[in-house]
Amino acid sequence: MTAGHVGLSFSGNIYMSTAQTTRWSALAESVGIPTAAMLLAMLLFAGFVLAVGQSPLEVFSLLYQGGFGSAFAWQNTLLRAAPLILTGLAVALPAQAGMVIIGGEGALALGALLAAVAAQVLTGLPPLVVQLGMLLAGALCGATWIGLSGWLRYYRGVNETMSSLLLSYIGIALLNYFVEGPLKDPASLNKPSTRPIGDVNMIGNLPGLEVHYGLVIGAVLALAAWIVLRFTTIGFALRTVGGNPRAAQMAGLRVGSWIVGAAAAGGAAAGLAGAIEVAAVQGSANADVIAGYGYAGILVAFIARQNPLAVLPVSVLIGGINAAGGMLQRRLDMPDATVLVLQGIAFVVIIASETLIGRSYFRRSPAATVPVGAQSEAGG
Amino acid sequence: MIDAGQGLGWWGVPLAVLAGAIRVSTPYLLVSLGECITEKAGRINLGLEGVLIMGAMAGYGASLASGSPWIGVLAAGIVGALLGLLHGLLCSLRRVNDIAIGISIMLFGTGLAFFLGTPLVQPKAPTLAAIPFGGWSDSSQIQAALQINPLFLIGIALAVLLHFAFRHSRWGLQLRVVGDSEDAARALGYRVLPTRIGATTIGGFLAGIGGAFLSLYYPGSWSEGLSSGQGIIAVVLVIFARWEPLRCLWASLLFGGAGALGPALQSMGMSSGYYLFNAAPYVLTLVILIATCAPDRTLAGAPGELSLVRH
């Protein structure tokens, strides 16, 4: 998909008259196809709901009520969207350079751990300093962890999808080890945790809402990422590196630095999500931060077609579906995992719908044909 | 296996690791053989992680419903084959990336298994019996260590069979040609897409059975934490084994041993490092991946059409 954009911008230079229509049809396609795919996923999910003996109408109405039906539901949704924006960026940013990174869960876990450590080290300093220290520690830790995946890909030829997932499992194991071992607060009996960061150091809520400032941090970062990728040469350089590393090398780009940098930027976002979960929700690092935000973030990024701006509304949508899971359980006695089934179906349909890109009704002009060779590089 | 370590002091650790290697390696072996077939045909299926979990759930459920664990094994294989077929069909669509579809099937399979497995957490299904090979010894530890599951033996037989089939059968040739070069396969009159879809389906079947081993033998019950990454580790293991079924067997035993280290040490009273030792298989996998890959050359023995190793 990344390569597709590069191909488009080249063809736009040659066929000036079609450039405008191409841009519009590309937009229509990148909004229309995922929307259609989501509708199909809903339909398939409705079939699944019927098969397990529930009423699809009731389930969808509860999903709406639980996610978006009231002020309370909205707050719940936004609380879940906050980490999803960041874990979505953790996939979308490396994707700009052609990488499929799926290790957000582990980077989030380590970010949470390091944030809790930072709070202990900085204890006694002004709350703002402690908070900034926690966020920085989490982001740096995540950046190192996933940056390693980028480094391994470029310098050792190791597939980044697999290395990031393995690093993710290792990160989760490290979090479990430290919160149950060396860093365990003796006072935390039922739920092993690190020492509390202290109420004064907690990141507060937005005025008048029960939603913490982490949402703003995520939204600002997503917007900033979109602006940088859209309006600066950084975005173009990354897409070139992702689309054709050799051409990028020829053009004088330091491919290795771009690859490692893109992976590290994604890792920083995931690590930041972990730090915010500790600083704004949990109050200490414990196993509860491993709630699947990292995996849901992969789905967010793919529905958003790796566009940082689109990550925002998609995070709210997926956050809403997650928030409604509790209501399905209470009202219809359906398992927790119901929302996972919906997400799984959506994921499969979204990926399969990639096949429609570039040959849909919107896209008929010859200028839009993308070289076949470029596509196989896009995902791997 | 926890019993195996007691009474022999610290010597119990290597014995428990050996026993564990045999016990823990079976899912690795079955999944890696399945993935080996899939990758030989030129595709990678990361979704086997989800297939493994679905197989574990379906196997447990079918065993509970029918009263026969072997019907459970069969059901797990069929469910796995269906998911493999889904992967194979979707990958055949133009522009659809096999790694991305694999990730989506991993999450889909996991979610579906958690949903359908909710009522299976409490009840106790009949599990697979082991064959005692340790009757010659007086030591109960050795007897416990040599309780071997028939699926492990089937896995060994399959590894040997595949080793010869890949080299000496028409079917093996077709698979290798399709995996090495689409153009050559077309020139020889082989149908590329059906071959790949078939290979992915068989791969899913074997991975599903690997899942049934988890829920029906060791650990021998259904829970959501049953598999965490064994499917992915098995995929890496195929690279380490250089797409050779017999090497998959040795690699699986190695990984089984690494996976048994944590529980073995825990039974010796080393509980604090438990989580750290649980990370051992992942660390080992990563180290192996780093050691086998190189930035400037393709891996020896790699199927030419495999996106995974292409640069």
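These figures come from a predicted structure and were not determined experimentally. (Residues numbered from 1 in each chain as written. Chains lettered and ligands numbered in written order. Predicted model: local features only at pLDDT ≥ 70, side-chain atom pairs only at ≥ 80, totals over all residues.)

Summing up its helical and strand segments, chain B has 13 helices and two strands in all. The globule rule puts the C-alpha radius of gyration for 311 residues at 19 Å, and the 19 Å found for chain B is close to it. Along the longest, intermediate and shortest principal axes, the C-alpha atoms of chain B span 65 × 45 × 35 Å. For chain B, the proportion of its 311 residues judged to be buried stands at 57%. Within chain B, counting contacts between residues at least 6 apart in sequence, those at least 24 apart form 76% of the total. (Helix = DSSP H or I, 4+ residues; strand = E, 2+ residues; numbered from the N terminus. Rg over C-alpha atoms; globule rule 2.2 N^0.38 Å. Buried ≥ 20, exposed ≤ 12 C-beta atoms within 10 Å, placed from the backbone. Contact = placed C-beta atoms within 7 Å.)

Attention shifts here to the overall build of chain A. When its secondary structure is counted, chain A shows 15 helices and zero strands. Sequence separation of 24 or more characterises 78% of the internal contacts of chain A that already satisfy a separation of 6 or more.

Time to look at helix α13 (residues 280-292) of chain B. Counted at 1.5 Å a residue, the expected span for α13 of chain B with its 13 residues is 18 Å, and the 18 Å between its end C-alpha atoms agrees. Within α13 of chain B, burial applies to Pro 281, Tyr 282, Leu 284, Thr 285, Leu 286 and Leu 289 of chain B. On its buried face, α13 of chain B is in contact with α7 (160-180) of chain A together with α10 (230-240) and α11 (245-267) of chain B. (Expected span 1.5 Å × (residues − 1).)

Keep in mind that low pLDDT regions are not for reading the predicted coordinates in detail. Residues and elements named next belong to chain A. In the predicted model, chain A carries a mean pLDDT of 89, and the fraction of residues at 70 or more is 89%. Contacts for the low-pLDDT stretch residues 1-17, under 50 throughout, to residues beyond four places or in other chains number 34 contacts. For residues 362-380, every residue scores under 50 in pLDDT, and the model assigns this stretch 46 contacts once sequence neighbours within four places are set aside. (pLDDT = per-residue confidence, 0-100.)

On to the nonpolar core, then. In summary, soluble globular proteins display a tendency toward joint burial of nonpolar side chains. Membership of the largest hydrophobic core comes to 233 residues, with the highest contact counts inside it found for Leu 89, Ala 112, Ala 115, Ala 269, Ala 275 and Val 311 of chain A together with Leu 237 of chain B. Beyond its immediate chain neighbours, meaning those up to four positions away, Ala 275 of chain A contacts Gly 111, Ala 112, Ala 115, Met 134, Leu 135, Ala 137, Gly 138 and Ala 139 of chain A. (Core = buried A, V, L, I, M, F, W, Y, C linked by C-beta atoms within 7 Å.)

The next subject is unusual backbone geometry. In the segment running from Tyr 218 of chain B into Pro 219 of chain B, the intervening peptide bond is cis, with an omega of 0°. Within the secondary structure layout, Pro 219 of chain B lies in the loop between α9 (192-216) and α10. The backbone phi angle of Asp 333 of chain A is positive, close to 60°, even though this residue is not glycine. Relative to the assigned elements, Asp 333 of chain A resides in the loop between α13 (308-332) and α14 (338-352). For Asp 333 of chain A, a count of 8 C-beta atoms within 10 Å translates into the label exposed. Phi is positive for Arg 95 of chain B, close to 70°, though the residue is something other than glycine.

In many reports, interface size means the accessible area that the parts give up when they come together. Contact residues are listed per partner, giving 43 residues for chain A and 43 residues for chain B. Residue assignment for the side of chain A that touches chain B shows that the elements contributing at least two residues are α6 (127-156), α7, α12 (293-303), α14 and α15 (372-379) of chain A. If one sorts the elements of the side of chain A that touches chain B by residue count, α7 of chain A sits on top with 12 residues. Among the residues forming the side of chain A that touches chain B, the class breakdown is 26 nonpolar, 14 polar and three charged. (Nonpolar A, V, L, I, M, F, W, Y, C, P; charged D, E, K, R; others polar.)

This paragraph deals with helix α2 (residues 48-66) of chain B. Spanning 19 residues, α2 of chain B covers 26 Å between terminal C-alpha atoms, matching the ideal 27 Å at 1.5 Å per step. With respect to burial, α2 of chain B is a largely interior element, 16 of its 19 residues being buried.

Let us now look at the packing of helix α8 (residues 214-231) of chain A against α13 of chain A. For any two helices packed against each other, the geometry is given by the interaxial angle and the distance between the axes. Residues and elements named next belong to chain A. For the pair α8 and α13, the least separation of the axes is 7 Å and the interaxial angle reads 150°. Accordingly, the angle class assigned to the pair α8 and α13 is roughly antiparallel. When α8 is examined against α13, the residues Ala 219, Ala 222, Leu 223, Ala 225, Trp 226 and Leu 229 are found in contact with a partner set consisting of Pro 308, Leu 309, Val 311 and Leu 312. When the residues that make up the contact of α8 with α13 are grouped by side-chain class, the tally is 10 nonpolar, no polar and no charged. (Axes fitted to C-alpha atoms, helices over the stretch in contact; angles between N-to-C directions. Parallel < 35°, antiparallel > 145°, perpendicular 65-115°, else oblique.)

This part covers the packing of helix α3 (residues 56-68) of chain A against α13 of chain A. Residue and element names in this part refer to chain A. Following both chains from N to C, one finds α3 and α13 inclined at 125°, their axes separated by 7 Å at the closest point. Taken as axis vectors, α3 and α13 run oblique relative to one another. Crossing hand, α3 versus α13: right-handed. For the pair α3 and α13, contact is made by Glu 58, Val 59, Leu 62, Leu 63, Gln 65, Gly 66, Gly 67 and Phe 68 and by Gly 320, Ile 321, Ala 323, Ala 324, Gly 326, Met 327, Leu 328, Arg 331 and Leu 332, respectively. (Left-handed = near helix turned anticlockwise from the far one by under 90°.)

Moving on to the confidence of the model for chain B. Looking at chain B as a whole, its pLDDT mean stands at 89, while 94% of the residues score no less than 70. In the model, residues 1-6 of chain B has pLDDT below 50 throughout and makes 23 contacts with residues more than four positions away in sequence or in other chains.

Residue and element names in this part refer to chain A. The topology assignment puts Asn 244 in the loop between α9 (233-243) and α10 (245-250). Residue class for Asn 244 comes out partly exposed when judged on the 18 C-beta atoms lying within 10 Å of it. Note: C-alpha distance between Asn 244 and Ala 97 (147 residues apart in sequence) is 9.6 Å.

The next point concerns the environment of Val 235 of chain B. Here Val 235 of chain B is to be found in helix α10. Among the residues examined, Val 235 of chain B registers 31 C-beta atoms within 10 Å and is labelled buried. Between the alpha carbons of Val 235 of chain B and Leu 46 of chain B there is a distance of 7.1 Å; along the sequence they are 189 residues apart. Those residues within four positions of Val 235 of chain B in sequence are excluded, and the remaining contacts are Met 162 of chain A together with Glu 35, Ile 44, Leu 46 and Leu 48 of chain B.

It is worth spelling out the environment of Leu 85 of chain B at this point. Residue and element names in this part refer to chain B. Tracing the backbone shows Leu 85 in helix α3 (residues 69-91). For Leu 85, a count of 17 C-beta atoms within 10 Å puts it in the partly exposed group. Placed 70 residues apart in sequence, Leu 85 and Leu 15 show a C-alpha to C-alpha distance of 40 Å. Excluding its chain neighbours within four sequence positions, the residues that come into contact with Leu 85 are Ile 197, Thr 201 and Gly 204.

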